[in-house]
Amino acid sequence: MIWRRVVLRGPFLRVAGLCLLLLLLRLVGGVEALAAGNPLEAVVRIDAHVPHDSRTADRLGTERVGAGVVIADDGLILTIGYLILEADSVSVTDHNGRRYPADIVGYDHATGFGLLRAHEGLKVPSAVLGSSAALGERQRLLAASIGPVAARPVAVQFIGPFAGGWEYLIDAAIFTTPAIAEFGGAALFGADGRLLGIGSLILGDAGGSGKPGNMFVPIDLLKPVLSDLLAFGRSAEPARPWVGIYPTEVNGFLVISGTADGGPAEAAGLAYGDVLVAVKGVPVRDMAGFFRAVWALGPAGTRIPLTVLRQGEMLTVEVESRDRLDWLKLRRTY
C-alpha cells in the first residue's frame, strides 16, 4: 500500500483526521476505541518570542515556531521544551486559526519536555496519554504537526538511546520514518488515538535505518515528572551536574566543538578542539559515556575532573559544575 501525505485544513480537519486514524487502526489491527473526539484537534501551533540576550538565542533563535498537544481540559499543553525555553511571550493557535496567549508552566532538561497553559477560551479536545513502553520496530503510528501537512503515517525504525550535544541523554527515544519537516513539538499518536511521543529532531539517519527521519521523546518520560512540573516548574529531583560543553564524536574521539558562554567549562579554561579523554580517570569516547560518567559523580555543584588532550599535551582540568537551569534566564519566563 502506498502512503500519501494528508493535508488537513479548516473544516475538513475533524472528518479527514478521524478517517485517517480509523484507517491506521484497521491496518495495524488495533482493538481499542479511539479517545473521545479527534485527537488531531488537540495539536496546536506555538509561537514563542525569546529576548536577544537569552542564553539559547544564538543556537535556537529568538522567534520559535512549532507544535504542542493539549493534554488537559484546562488548556495545559505539552511540547518540546526548546520551543519555549527563555521565552518572554508565547501564544498558541488552534486548528480553526484562533490565537490565545499562553503562560509557561515548566521545563525539564532531563526529558526535554516543556509545559504551557493557554489562557481561558481555548476549546479543543485534549489528547489522552498512552504508554510508549509497548512500542516496537516497524509499528505504524501517526505524526501530527502544524503546516500544510497536518498528519502523516510513520513507522518506528528503532527504540533506543539518544545523546544530544547539549548534555542530554534519554534511553528509549523513538526513531521514525519518513521524516516530517515540522518536527518540533509534533504529536506521535498510536492507532487508538493516544499520545505516545513528542517530536524533537529531524535526523539524516533515523535510528540506524539509513533513512531520514525523526526522533520523538517517549511520553512515558513525562509521567514521573508531571506533578513536579505543575507544582514547581521543574523536577524536584536533585539537578544533574552541568559542565557547559558541546562535544562532538569524531572518528572514535570526543572533541569539544564549543562551550556555553559563561558556563563552567569556559570558566575552567576548556576550549574548542580539546579532546575529552577521561572523567575522573574513566575513559570516554562517546557522548553517552561522557554524560553518564559526569552524572555519576554527584549532583550539580560537584567538581568534575576532566582529562583532555590539547595540542599533544595531556591536561587535567577541574570543572565546577552547575545546575543548567540556574545558568538559563528563566525568571522572566516562569
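For the structure itself, look to the data block above.
The residue numbering used here restarts from 1 in each chain and proceeds along that chain's sequence as written. The predicted nature of this model means local features are confined to residues of pLDDT at least 70 and side-chain atom pairs, given and counted, to a pLDDT of 80 or more, with totals for whole chains, interfaces and linings taken over all residues. Excluding hydrogens and water, the side-chain values take into account all heavy atoms of the structure.

A. Layout of the packing of aromatic side chains. Any two rings among Phe, Tyr and Trp, with Trp reduced to its six-membered ring, count as a pair given centres within 6.5 Å; such a pair is stacked if its planes are under 30 degrees apart, edge-to-face if over 60, and tilted if neither. Tallying each qualifying case throughout the model produces eight aromatic pairs. Note on Phe162 and Trp166: the rings are 6.3 Å apart at their centroids and 45° apart in plane angle, and the pair reads as tilted. Aromatic side chains Phe291 and Trp295 sit 5.9 Å apart centroid to centroid with 20° between the ring planes, which places their arrangement in the stacked category. Of the two residues, Phe291 and Trp295 are both situated in helix α5 (residues 287-295); the distance of four residues between them amounts to about one turn of the helix. No difference in accessibility class separates Phe291 from Trp295, as the two residues are buried. Members of the aromatic cluster, each reached through a chain of ring pairs, are Phe158, Phe162, Trp166, Tyr168 and Phe175. Put simply, DSSP marks the helices as runs of H or I at least four residues long and the strands as runs of E at least two long, and each gets a number from the N terminus on. Relative accessible area decides the class of each residue, using a 1.4 Å probe on protein chains only: under 20% of the type maximum gives buried, over 50% gives exposed, and in between gives partly exposed.

B. Quick peek at the pattern of salt bridges. Think of a salt bridge as a Lys or Arg side-chain nitrogen and an Asp or Glu carboxyl oxygen that are within 4 Å of each other. Going through the model one piece at a time under the given rule, you end up with eleven salt bridges. For Asp47, the salt bridge identified is with Arg45, shortest N-O distance 2.7 Å. Taking the relative accessible area as the measure of exposure, Asp47 reaches 14% and is therefore buried. In this structure, Arg194 engages Asp192 in a salt bridge whose closest nitrogen and oxygen atoms are separated by 3.4 Å. Residue classification places Arg194 among the partly exposed positions, given a relative accessible area of 28%. Here Asp192 falls in the buried class, since its relative accessible area comes to 13%. Within the structure, one salt-bridge network assembled from shared partners comprises Arg303, Glu318 and Glu320.

C. Here's a closer look at the sheet that holds strand β10 (residues 187-189). We treat two strands as partners when DSSP finds at least two bridges between them. Pairing is antiparallel in the closed barrel, where six strands are placed in the order β7-β8-β9-β12-β11-β10. Averaged over all pairs of adjacent strands, the angle between strand axes in this sheet comes to 45°, irrespective of strand direction. Pairing between strand β8 (residues 151-164) and strand β9 (residues 168-177): eight bridges, direction antiparallel. By the bridge assignment for β9, Gly164 is matched with Tyr168. Between two residues, a contact is recorded if the distance between any of their heavy atoms is within 4.5 Å. All axes here are fitted lines through C-alpha atoms, helices being fitted over the stretch that makes contact, and every angle between N-to-C directions spans 0 to 180 degrees. The strands touched by α5 within the sheet are β8 and β9, with β9 carrying the most contacts at an inclination of about 150°.

D. Here's a closer look at the pairing of strand β15 (residues 275-279). With four of its five residues buried, β15 lies for the most part within the structure. One ladder, built from two bridges, connects strand β14 (residues 253-259) with β15; its direction is antiparallel. Looking across to β15, one finds that Leu254 is bridged to Leu276. Taken together, the four bridges between β15 and strand β17 (residues 303-310) define a ladder with antiparallel strand orientation. Within β17, the residue paired with Leu276 across the bridge is Val308. Judged from the two bridges that link them, β15 and strand β16 (residues 282-283) form a sheet pairing that is antiparallel. Within the sheet, the bridge partner assigned to Val279 lies in β16 and is Val282. Linking two consecutive strands that pair antiparallel, namely β15 and β16, is a turn of two residues; a positive phi of about 50° is found at Lys280 within it.

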